[in-house]
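So you can see what is in the structure, the chains are spelled out below.
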Amino acid sequence: MNCRSEALEVSVEGRQVDEAMLALLHTILLHRSTGKFHYKKEGTYSIGTVGTQDIDCDFIDFSFVRVSSDELDRAIRKAVGEFKDAMGNGTDGMGQISLEFYQKKKSRWPFSDECIPWEVWSIKVNVVNLANEQERQICREKVGEKLGEKVINIVEVINRHEYLPKMPTQSEVDNVFDTSLKDVQPYLYKINFQITDTLGTSVSTTMRRLIKDTLAL
Amino acid sequence: MDSDLSPQDKKDLDKFMKFFALKTVQVIVQARLGEKVCTRSLSSPTGSDWFNLAIKDIPEVTHESKKALAGQLPGIGRSMCVEISLKTSEGDSMELETWCLEMNEKCDKDIKVSYTVYNRLSLLLKSLLAITRVTPAYKLSRKQGHDYVILYRIYFGEVQLTGLGEGFQTVRVGVVGTPVGTITLSCAYRTNLAFMSTRQFERTAPIMGIIIDHFVERPFGNMGHMHPCNYRAPGEDEGACNGVEDSQEVCTTSFSTSPPSQMGVPGKEGGVPQQVPVQPCHGAQAEHRRVSSCPPADHVPATPYSRGEDAETSSRIVEVKSGSPCDVLETTFTRKVGAFVNKPGTQVTTASLDLPFAAFAPRAYDLEENDPMVQPPESSATSSPLQGSLHSQGSGESGGPAQDDFVMVDFKPAFSKDDLLPMDLGTFYREFQNPPQLASLTIDVSSQSMAEDLDSLPEKLAVYEKNIDEFDAFVDTLQ
């Protein structure tokens, strides 16, 4: 199985980084989250209900919809916050944040479980510095329009209905879904980011695992 | 082909189609209510949440949807359309977008109805939730209430897109293949949101940048009743999952809408209204509605384009520019003017504003010689070399903006409120950029001649020599 890879690129002002990333990551996760599975006897299961919530951005003329799950929101915000901190505050720079959906494949001892990505979303971010308030105002609107286009791109990819992991049995559900959240069940995912300085060279790579991931023995 | 489907699958598919159509309408209409929608996630299924999504049902919308469907289902050649339009309080309306749920003949016979089709329909609804926030009508719907309302109409049959004007764009939300055909959900939306009432055009001279009347009377053959996307009063807590309830409150007070990006270029031609496209801070939508809901007409400083009762309406479409005042100063102080505003009113003078210390405010059209702050009473404490420079400096600063080339219009700084004193912050800022001179530093030249100065010098020198010890002590304290 080949991993599907999609790339998005946005140029934002420093203070817009958080909201732009949240908007795109939440839009993707909205489509990659289901209700909680409740397995019954006879191999059947029922699925909980996913609620949604409108979020208005403060620094961008944009609104987006996210899953109504505070736990999920906190996890995403934490990752985006780390990305933003790594990018620096308001300085020019480039970075890339990637949202990777993967499946776990159990391996025998002493080998650890293998994580096999099946979809990777890479969001490249260019941070620009603006000179005055008029430019910032224009940037608010432009970035809002751009994010709208990105949402349309995301929806277009999602609705191609390409590979999705098979619905797992009860014993396999943790290999496909993140079952740690109380209210919703996203596919297993991890968020990584990479920062590039203004010269274009890669100066640091930071890996961040947001969910329980059996990595070490 | 239907014959390949088992009866149970056919029954399931019909049920999915029906509820998918109903939920599609709910999502679209709720996204145009003008408020943020919030529903809770439930870990345990309730059995009533179709497609595992918490989408509340507004009873009126469900009723209208069922009426439009009339027992049929969207199928090949039978599209279900939801038309969203804007209607101003003057009765002018304009179609904004048309959402189409269609089916074509391309079948996917191998697909599992009860599992794959259902899940893909769920995904399609999520995509619809996302896309409904992205089209231009969403922002308009969030600002509806006092000036205009958003209406919806559901119809069945052939898709009608002629009302969207030229250059409309189409976005495809998604497709789901089924054994009987492929379901497609898409949206065609108007891109040119500028319009002006023909009635307005007759009454006033054309305002630069505003245009074209896009709508004409059209005899829609099967036009059903338009329904308001019910407007709910702002002030709900953010994040509160109130769900959506049926509300009959619709505000249709007088006003005119003013498209944000169609205004004239800020320029320096005298007498030309100068407008800067502004946008409210997006996170402060509720604040914007409160701002726009009201100052009484007589508290609004008259601009070249507002007067009397229309001042109130023009204030409602004033949007706070959350930018720095400097840019606005450069372009002179502008206020966005709404379409449908009546003829220009009188220009305001500073004296007519309710300013503190208004008597000392620089008067744009008065001569400096008559200004008591520029020409203070005679003072004996200053030396003559300073006199000329201070006076010339003062005359430069107290002149205010050049009068010949600019039309003084209102300056509305960020965060100012005009529901108390009109433009007090802005006026304060402007006036005190040109502060009057200190009385002790200015001398009334006309009342004192050079000869008198020279005559008084020996006396002054004698006094200073007498007090020389004091001066020395003072100098020591400074070191």
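- An unreviewed UniProt entry lists chain B under the name Autophagy-related protein 13, from Hucho hucho.
- For chain B, the Sequence similarities (unreviewed entry) comment in UniProt is given as "Belongs to the ATG13 family. Metazoan subfamily."

- As annotated in an unreviewed UniProt entry, chain A carries the name Autophagy-related protein 101 and is attributed to Hucho hucho.
- The Sequence similarities (unreviewed entry) comment attached to chain A in UniProt states, word for word, "Belongs to the ATG101 family."
- Annotation of chain A in UniProt includes, under Subcellular location (unreviewed entry), the sentence "Preautophagosomal structure".

**Looking at the overall build of chain A**
- The number of helices and strands found in chain A is 4 helices and 11 strands.
- A buried classification covers 55% of the 217 residues belonging to chain A.
- When the accessible surface of chain A is summed, it comes to about 9,800 Å², and 50% of that surface belongs to carbon and sulfur atoms.

**Comments concerning the environment of Leu125(B)**
All names here are of chain B.
- In this structure, Leu125 sits in helix 3 (residues 113–131).
- On a C-alpha basis, the gap between Leu125 and Phe51 in space is 8.3 Å, while along the polypeptide they are 74 residues apart.
- Filtering out sequence-adjacent residues up to four positions away, Leu125 remains in contact with Phe20, Lys23, Thr24, Val27, Phe51, Leu53 and Ile55.

**Some points on the sheet that holds strand 2 (residues 93–104) of chain B**
Residue and element names in this part refer to chain B.
- Across the sheet, 6 strands lie side by side as 4-5-2-1-3-6; this open sheet has antiparallel pairing. Pairing within the sheet leaves two strands with one partner each, and these edge strands are strand 4 (169–178) and strand 6 (227–228).
- Here strand 2 pairs with strand 5 (residues 181–189) via 8 bridges, running antiparallel. By the bridge assignment, Met103 is partnered in strand 5 with Ile183.

**A word on the pairing of strand 7 (residues 93–105) of chain A**
Residues and elements named next belong to chain A.
- Burial analysis of strand 7 places 10 of its 13 residues in the buried class, the great majority of the element.
- Pairing geometry for strand 7 and strand 8 (residues 114–128), over 13 bridges, is antiparallel. Residue Leu99 lies in a different strand from strand 8, and its bridge partner there is Trp121.
- As paired strands, strand 7 and strand 10 (residues 189–196) are joined by 8 bridges and run antiparallel to one another. Looking across to strand 10, one finds that Met94 is bridged to Thr196.

Calculation notes
Sequence order as written defines the numbering, with residues in each chain counted from 1. The order in which chains are written sets their letters, starting at A; the order in which ligands are written sets their numbers, starting at 1. Per-residue local features are limited, in this predicted model, to residues with pLDDT of at least 70; the limit for side-chain atom pairs, both in listing and counting, is 80 or more; totals at the level of whole chains, interfaces and linings are taken over all residues. Side-chain measures here rest on the full set of heavy atoms in the structure, leaving out hydrogens and waters. UniProt positions are given in the numbering used here, feature names are shortened, and annotations may be inferred rather than shown by experiment. Runs of E in the DSSP output that reach at least two residues are strands. Runs of H or I that reach at least four are helices, and both are numbered from the N terminus. The rule is simple: take the accessible area with a 1.4 Å probe, protein chains only, and divide by the maximum for that residue type; under 20% is buried, over 50% is exposed, in between is partly exposed. Residue burial considers only the protein chains on display, and all accessible areas are found by Shrake-Rupley using a 1.4 Å probe. For this analysis, residues touch if any pair of their heavy atoms sits within 4.5 Å. Here the rule is simple: two strands pair whenever DSSP picks up at least two bridges between them.

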